[in-house]
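Structural overview
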Amino acid sequence: MSDQPSFLKINEDLAAAWCHTPWSATDMSFDGVAYHGVFDVDLTADVSESAPYRPVLHGSILAQIVSYHTLASMLYAYTNDHIPAFATLPRVGLPEARKRILVTSLKLSLHRQVAETRVPVRLTIDRVTDKWDSHRMAFAAVSVDVAGGRHTAELEGCINFRDRIEP
């Protein structure tokens, strides 16, 4: 892309298209190795008289946060040519790119409770498989560390150009 958006711009674009949630990404950065984010979480959003449990980051919100952060990170890697296999894909704008990145699997590991409302997230892209010639797709396996390792996630996703859109 000639106009490479910042990680914050990608977050703004993605947040505008996302449904309402009890969390929001408030900081996004890339240090050359990992994609970092900080999420503000309203842990009391689903506490009621019928569910008066202690407010903690639970699995469904964790799944939303890591899926969102994976999508934002893959968008940033794609639009800024961080990954050689992504750099060879056709260039499309953010709205179109959002439609083409899919999270295909998610494994959560909840190790210790997280009760803080500011939750740091760190994502690394562990493996990329370039299937451009046979499938017009690129696949990625990522690892996500949440709240300093108190929760972790492994995700796989792809960037799909199977409908032959060209730049």
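We now turn to the structure provided with this report. (Residues numbered from 1 in each chain as written. Predicted model: local features only at pLDDT ≥ 70, side-chain atom pairs only at ≥ 80, totals over all residues. Heavy atoms only, no water.)

1. What about the packing of aromatic side chains?
Quick note on the threshold: Only rings of Phe, Tyr and Trp enter the pairing, Trp through its six-membered ring, and a pair is recorded when the two centres are within 6.5 Å. The plane angle decides the type: under 30 degrees is stacked, over 60 is edge-to-face, the rest tilted. Starting at the N terminus, helices and strands are each numbered in turn, a helix being any DSSP run of H or I of at least four residues and a strand any DSSP run of E of at least two. Burial classification: accessible surface area is computed with a 1.4 Å probe over protein chains only, and a residue below 20% of its type maximum counts as buried, one above 50% as exposed, and the rest as partly exposed.
Here the structure, examined in full by the defined rule, presents 12 aromatic pairs. Measuring from centroid to centroid gives 6.0 Å for Phe 7 and Tyr 35, while their planes differ by 90°, and the two rings are edge-to-face. Of this pair, Phe 7 sits in helix H1 (residues 7-17) while Tyr 35 sits in strand S2 (residues 35-41); the two residues are 28 residues apart in sequence, bridging distant segments of the chain. Accessibility expressed as a relative area gives 3% for Phe 7, which makes it buried. Residues Trp 18 and Tyr 68 carry aromatic rings whose centres are separated by 4.9 Å and whose planes lie at 85° to one another, so their mutual orientation is edge-to-face.

2. Looking at the sheet that holds S2
Our working definition: We treat two strands as partners when DSSP finds at least two bridges between them. A fitted line through C-alpha atoms represents every axis, and for helices the fit uses only the stretch in contact; the resulting angles, taken between N-to-C directions, go from 0 to 180 degrees. Throughout, a contact is declared for two residues whenever any of their heavy atoms are within 4.5 Å.
An order of S1-S2-S4-S5-S6-S3 is seen for the 6 strands of this open sheet, with the pairing classed as antiparallel. Every other strand in the sheet has two partners, leaving strand S1 (23-30) and strand S3 (101-110) as the edge strands with one partner each. Direction aside, the axes of adjacent strands within the sheet are offset by 25° on average. As paired elements, S3 and strand S6 (residues 151-160) share 9 bridges and run antiparallel to each other. Residue pairing across strands places Ser 105 opposite Glu 156, the latter belonging to S6. Here H1 sits on the sheet and contacts S1 and S2; the angle it forms with S1, its principal contact strand, is near 155°.

3. Looking at the pairing of S6
Both strand S5 (residues 137-146) and S6 contribute to a ladder of 10 bridges, which runs antiparallel. Bridged to Val 146 within S6 is His 151. Here S5 hands over to S6 after 4 residues, with Ala 147 in that stretch at a positive phi of 55°.

4. Observations concerning helix H2 (residues 59-79)
Note on helix geometry: an α-helix contains 3.6 residues per turn, so any two residues three or four positions apart are oriented the same way. As a reminder of what qualifies: Multiply 1.5 Å by the residue count of a helix minus one, and that product is the helix's expected span.
Its 21 residues place the ends of H2 30 Å apart at the C-alpha level, agreeing with the 30 Å of an ideal helix rising 1.5 Å per residue. Most of H2 is tucked away, with 18 of its 21 residues classed as buried. One or two positions beyond H2, positive phi appears at Asp 81, with a value near 55°.

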